[in-house]
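So you can see what is in the structure, the chains are spelled out below.
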Amino acid sequence: MCIRDRDRIAYTEKLEKAKQDYLQLKSSVVSELLSKIDKLCQLQNEVKNLEKLKVFFIRNMESLKREVKAGVAEVADLWELNERIIDTDTKIYNLSSQIQALKYEAAFNLGGEKWSELLKILNKIMEEA
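Residues numbered from 1 in each chain as written. Predicted model: local features only at pLDDT ≥ 70, side-chain atom pairs only at ≥ 80, totals over all residues. Heavy atoms only, no water.

### Details of the overall build of the protein
Within the protein one finds three helices and zero strands. Rg of the C-alpha trace for the protein: 27 Å, well past the compact-globule value of 14 Å for 129 residues, more than 25% over. The principal-axis extents of the C-alpha atoms in the protein amount to approximately 100 × 20 × 20 Å. Within the protein, the fraction of its 129 residues that count as buried is 22%. The contacts in the protein between residues at least 6 apart in sequence include a share of 62% that link residues at least 24 apart. Summing over all exposed atoms, the protein offers an accessible surface of approximately 9,900 Å²; the carbon and sulfur share of this is 54%. Seen as two clouds, the 22 positive and the 22 negative side-chain charges of the protein have centres 6 Å apart. (Helix = DSSP H or I, 4+ residues; strand = E, 2+ residues; numbered from the N terminus. Rg over C-alpha atoms; globule rule 2.2 N^0.38 Å. Buried < 20%, exposed > 50% of the residue type's maximum accessible area, 1.4 Å probe, protein only. Contact = heavy atoms within 4.5 Å. Areas by Shrake-Rupley, 256 points an atom, 1.4 Å probe, with all protein chains shown as cover. Lys, Arg positive; Asp, Glu negative; His and termini not counted. Charge placed at Lys NZ, Arg CZ, Asp CG, Glu CD.)

### Concerning the packing of helix H2 (residues 75–111) against helix H3 (residues 115–128)
Where H2 contacts H3, the two axes come as close as 8 Å, and the packing angle between them is 140°. What the angle tells us is that H2 and H3 run oblique. For H2 against H3, the interelement crossing comes out right-handed. Counting all contacts with H2, which are made through Lys103, Tyr104, Ala106, Ala107, Phe108, Leu110 and Gly111, the residues of H3 involved are Trp115, Leu118, Leu119, Leu122, Asn123 and Met126. (Axes fitted to C-alpha atoms, helices over the stretch in contact; angles between N-to-C directions. Parallel < 35°, antiparallel > 145°, perpendicular 65-115°, else oblique. Left-handed = near helix turned anticlockwise from the far one by under 90°.)

### Let's talk about the environment of Ser31
On the secondary structure map, Ser31 appears in helix H1 (residues 3–69). Sequence separation between Ser31 and Lys14 is 17 residues; the distance between their C-alpha atoms is 25 Å.

### Concerning the side chain of Gln44
Inspection of the secondary structure assignment puts Gln44 in helix H1. Setting aside anything within four residues of it in sequence, one finds Gln44 in contact with Ile99, Met126 and Ala129.

### As for H2
In an α-helix, one turn spans 3.6 residues; hence positions three or four apart end up facing the same way. For H2, built from 37 residues, the straight-helix expectation of 54 Å at 1.5 Å per residue is met to within 8% by its first-to-last C-alpha distance of 53 Å. Gly112 sits one or two residues past H2 and shows a positive phi near 55°. (Expected span 1.5 Å × (residues − 1).)

### Concerning the pattern of salt bridges
One pass over the structure, following the stated rule, counts six salt bridges. Salt-bridge contacts for Lys17 lead to Asp21; the nearest nitrogen and oxygen are separated by 3.0 Å. A residue pair is termed a helical-turn pair when its members lie 3 or 4 positions apart in one helix, as Lys17 and Asp21 do in helix H1 at four residues. Residue Glu62 pairs with Lys65 through a salt bridge whose shortest N-O separation is 3.9 Å. You can see Glu62 and its partner Lys65 sitting in helix H1, three residues apart, about one turn around the helix. The exposure class of Lys65 is partly exposed, given its relative accessible area of 38%. (Salt bridge = Lys/Arg side-chain N within 4 Å of Asp/Glu carboxyl O.)

### Overview of a nonpolar patch on the surface
On the surface, Tyr104, Phe108 and Trp115 cluster together into a nonpolar patch covering about 290 Å² of accessible area. Inspection of the secondary structure puts Trp115 in helix H3. Classification of Trp115 by relative accessible area gives partly exposed; the value is 32%. (Patch = residues over 30% accessible without salt bridge, like charges linked within 9 Å, V, L, I, M, F, W, Y side chains within 5 Å.)

Listed below in structure tokens is the structure:
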């Protein structure tokens, strides 16, 4: 076996190793991106559920006001329900902030030079979710 043959074999082995490393890295990035999208969808579902809960509380607030006027319920019940609405608003805001932060984190860390395009894609995914 001559030196050229050994060099070709070594080069081929290095090239194959580089291909395997690339495929492994690509797979890792795709897996991490899908994990981030899954987390984003979970957070978005929590926001939607809290928004439904808030609408329910607001509707109950109107009924509770009538009950207080009729003397059937206490004013303290109104305060408690109002606190629950405010707490729900805070949770919605916090989850929405987490969603935004996670989208930017995923775009910056996984999108490379095309991070802004990835951010647009993530925004579109979240609109459709």
